[in-house]
Amino acid sequence: LLESAVSRISLLLYQYTDVYDQSLLNSLEKYRSLAIQYISELRQLNPTAEVISLLDTYEAIRPSQVALADGIISAVDRRTPVAEIISLHREREVLDNEVISYLKRVVEIKEEHRVATATAGKELRVNLVRNTIAIIALILGIIAAVSFWIVRSITIPVKLLAVMAEQISQGNFEARATIEGRDE
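Given the structure is predicted, the values throughout are model-derived calculations rather than measurements. (Residues numbered from 1 in each chain as written. Predicted model: local features only at pLDDT ≥ 70, side-chain atom pairs only at ≥ 80, totals over all residues. Heavy atoms only, no water.)

A closer look at the overall build of the protein chain
At step 1: Regarding its fold elements, the protein chain presents 4 helices and 0 strands.
At step 2: Ordered by position from the N terminus, the helices and strands of the protein chain form the series α-α-α-α.
At step 3: Taking the intrachain contacts of the protein chain between residues at least 6 apart in sequence as the baseline, contacts between residues at least 24 apart amount to 74%. (Helix = DSSP H or I, 4+ residues; strand = E, 2+ residues; numbered from the N terminus. Contact = heavy atoms within 4.5 Å.)

Put into structure tokens, the structure is as follows:
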């Protein structure tokens, strides 16, 4: 739908050229080329009500725009009075400005989509970093708990043996170490 609208705008640009209003034609051409550039990206968007509305409005304006273009060409060919040609030109200029505003809005929608995508990507990265930090903290906590358990399982028997050795050094040869594990 968007591609056909852009091709119709191209056709309208080539149907008439007004040397007195080259800036309007340049503006039309600029937004038409931007719309062409963004067509593939805009197709990836779900067609929003606003995009559909813009294209429907353009479709409603298009016949009047074509009729005015033909009217200007035939008025010049028939050597119509300048006032009538100027009046046709002003009507055409109003319609062309409407088309420009619709194309600008389509380009804005594409830009809004780009910004939303970038924002979503940034939020995704922030969440990924946050989750990674949480996982690392959990792993470090588990490592600390396991390390504490291993160190404790080694130091308690060593302390008991030190106490027993102290008792033996003081002459208590009856002192015995009770060993509960099987990993000696």
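Some thoughts on a nonpolar patch on the surface
At step 1: Where nonpolar side chains cluster on the molecular surface, the patch consists of Leu138, Ile142, Val146, Trp149, Ile150, Ile154 and Val158 and spans about 720 Å² of accessible area.
At step 2: You can see Ile142 is positioned in helix H4 (residues 82-169).
At step 3: On the basis of relative accessibility, which here comes to 48%, the residue Ile142 falls in the partly exposed class. (Patch = residues over 30% accessible without salt bridge, like charges linked within 9 Å, V, L, I, M, F, W, Y side chains within 5 Å. Areas by Shrake-Rupley, 256 points an atom, 1.4 Å probe, with all protein chains shown as cover. Salt bridge = Lys/Arg side-chain N within 4 Å of Asp/Glu carboxyl O. Buried < 20%, exposed > 50% of the residue type's maximum accessible area, 1.4 Å probe, protein only.)

Looking at the environment of Ala177
At step 1: Here Ala177 shows up in the segment after H4.
At step 2: Each residue touching Ala177, except ones within four places of it in the same chain, is listed here: Leu161 and Met164.

What about the environment of Ala165?
At step 1: Topologically, Ala165 is positioned in helix H4.
At step 2: We classify Ala165 as partly exposed; its relative accessible area is 42%.
At step 3: When the C-alpha atoms of Ala165 and Ala177 are compared, they prove to be 9.3 Å apart, with 12 residues separating the residues in sequence.

Digging into the nonpolar core
Where a protein is soluble and globular, its nonpolar side chains tend to be buried together.
At step 1: Membership of the largest hydrophobic core comes to 13 residues, with the highest contact counts inside it found for Leu54, Ile61, Leu68, Leu88, Leu95, Val99 and Tyr102.
At step 2: Elements represented by at least two residues in this core include exactly helix H3 (49-77) and H4.
At step 3: At 7 residues, H4 tops the list of elements feeding residues into this core.
At step 4: Non-local contacts of Leu54, meaning those with residues more than four positions away in its chain, are made with Tyr102, Arg105, Val106 and Ile109. (Core = buried A, V, L, I, M, F, W, Y, C linked by side-chain atoms within 4.5 Å.)

Notes on the pattern of salt bridges
At step 1: One pass over the full model with this rule turns up 2 salt bridges.
At step 2: Where Arg105 meets Glu108, a salt bridge forms, and the shortest distance between an N and an O atom there is 3.1 Å. Separated by 3 residues within a single helix, Arg105 and Glu108 lie in helix H4, roughly one turn from each other.
At step 3: Arg105 gets classed as buried once you look at its relative accessible area, which sits at 17%.
At step 4: Glu108 gets classed as partly exposed once you look at its relative accessible area, which sits at 41%.
At step 5: Of the charged contacts in the structure, one is a salt bridge between Arg105 and Glu112, with a shortest N-O distance of 2.9 Å.
At step 6: Classification of Glu112 as partly exposed rests on a relative accessible area of 42%.

Some points on the environment of Ser169
At step 1: Structurally, the position occupied by Ser169 is in helix H4.
At step 2: In terms of polar contacts, Ser169 uses its side chain to reach the backbone carbonyl oxygen of Glu166, at 2.7 Å. (Polar contact = N/O pair within 3.5 Å; in protein donor to acceptor, adjacent residues only side chain to side chain.)

Focus on the confidence of the model for the protein chain
At step 1: Chain-level statistics for the protein chain give a pLDDT mean of 76 and a share of 70% at 70 or above.
At step 2: Within the protein chain, the element-level pLDDT minimum falls on helix H1 (residues 2-15), averaging 53, and the maximum on H4, averaging 86.
At step 3: Note on residues 14-19: pLDDT under 50 across the span, and 14 contacts to partners over four residues away in sequence or across chains. (pLDDT = per-residue confidence, 0-100.)

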